[in-house]
Amino acid sequence: DLLKLLSELSQHLGPEAEREVGEAAARLLGRGSRFFMMHRAFEYIRSNQSGDAAEILTEMRDENDPVWHQAQGHMLLKQGDKVGALQHFEKASRLLPQPEVFDTAAAVAHSCGQVDVAVELLERLLNIDPEDVRSRQNCAFLYAQLNDFRNAARHFTTLCDLQPHHAQHAMNLAACLAQQG
């Protein structure tokens, strides 16, 4: 768990931190460990070395591993296969129902034009983290895009409660209510 946390942090701190986490994993778990290999695959994906990443991911394939699905999804995104990536991110979200997994899957679904799937994923995220303002706002706008103004209004009402000082939420709520008739 500590190495997983360090790995996630290192992604935000840059290549030097990632290299150090990789070396720590190699020392603690060995270069052949699943953690080290998956860490290496993510490094290759971030550095646009999808051939090397694909080799590792093929070797480490595990349909029950949400991290494997996330890595596969990111690699497919880098290769321009959004639909394939979405399939893996959706599988990851079923195996590991965490907000960041749902968020990534929803963003990919939206970029594929699958707005209904993006809404479903954001709803699942909001069941876990109901105060996630950005996700709730995205969900509300996607409902409006689907002409489902009742659900869009429901989310804008919650946004008004969460951020009463943001007049834009109230204006969006009013627009949704007007569209409902």
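(A) Representation of the overall build of the protein chain within the structure. A count of helical and extended segments in the protein chain gives eleven helices and zero strands. Starting at the N terminus and walking to the C terminus, you meet the elements of the protein chain as α-α-α-α-α-α-α-α-α-α-α. When burial is assessed residue by residue, the protein chain has 43% of its 181 residues classed as buried. Long-range pairs, those at least 24 residues apart, make up 41% of the contacts in the protein chain with a sequence separation of at least 6. With the model as given, the accessible surface of the protein chain reaches about 9900 Å², and the carbon-plus-sulfur share is 52%.

(B) Fine view of the nonpolar core. Among the nonpolar cores identified, the biggest contains 30 residues, and Leu121 and Phe156 are the most heavily contacted of them. The next biggest cluster of nonpolar side chains, apart from the first, holds 13 residues, and it includes Ala41, Phe42, Ala53 and Ile56.

(C) Highlighting helix H8 (residues 115-128). For H8, which comprises 14 residues, the first-to-last C-alpha distance of 20 Å matches the rise-based estimate of 20 Å (1.5 Å per residue) to within 8%. All of the buried residues in H8 are Val115, Val117, Ala118, Val119, Leu121, Leu122, Glu123, Leu125 and Leu126. Elements in contact with the buried residues of H8: helix H6 (82-95), helix H7 (99-111), helix H9 (133-145) and helix H10 (149-162).

(D) Spatial organisation of the pattern of salt bridges. For the structure shown, the criterion picks out five salt bridges. A salt bridge links Arg154 to Glu123; its shortest N-O distance comes to 2.8 Å. Taken together, the residues Arg154 in helix H10 and Glu123 in helix H8 connect sequence positions 31 residues apart. One connected set of salt bridges, linked through shared partners, spans Arg61, Glu63 and Lys91.

(E) Local environment of the side chain of His169. With respect to the helices and strands, His169 occurs in helix H11 (residues 167-180). Exposure remark for His169: the relative accessible area of 4% places this residue in the buried category. Dropping the residues within four chain positions of it, His169 is found in contact with Gln137, Phe156, Leu159, Cys160 and Gln163.

(F) Region of the structure containing helix H3 (residues 34-46). For H3, spanning 13 residues, the distance from its first C-alpha to its last is 18 Å, which sits close to the expected 18 Å at 1.5 Å a residue. For H3, every residue scored as buried is listed here: Phe35, Phe36, Met37, Met38, His39, Ala41, Phe42 and Ile45.

(G) The arrangement of unusual backbone geometry in detail. Positive phi, normally seen in glycine, also occurs at Asn48, with a value near 60°. Along the chain, Asn48 falls in the loop between H3 and helix H4 (50-59).

The rules behind the values
- Residues numbered from 1 in each chain as written.
- Predicted model: local features only at pLDDT ≥ 70, side-chain atom pairs only at ≥ 80, totals over all residues.
- Heavy atoms only, no water.
- Helix = DSSP H or I, 4+ residues; strand = E, 2+ residues; numbered from the N terminus.
- Buried < 20%, exposed > 50% of the residue type's maximum accessible area, 1.4 Å probe, protein only.
- Contact = heavy atoms within 4.5 Å.
- Areas by Shrake-Rupley, 256 points an atom, 1.4 Å probe, with all protein chains shown as cover.
- Core = buried A, V, L, I, M, F, W, Y, C linked by side-chain atoms within 4.5 Å.
- Expected span 1.5 Å × (residues − 1).
- Salt bridge = Lys/Arg side-chain N within 4 Å of Asp/Glu carboxyl O.

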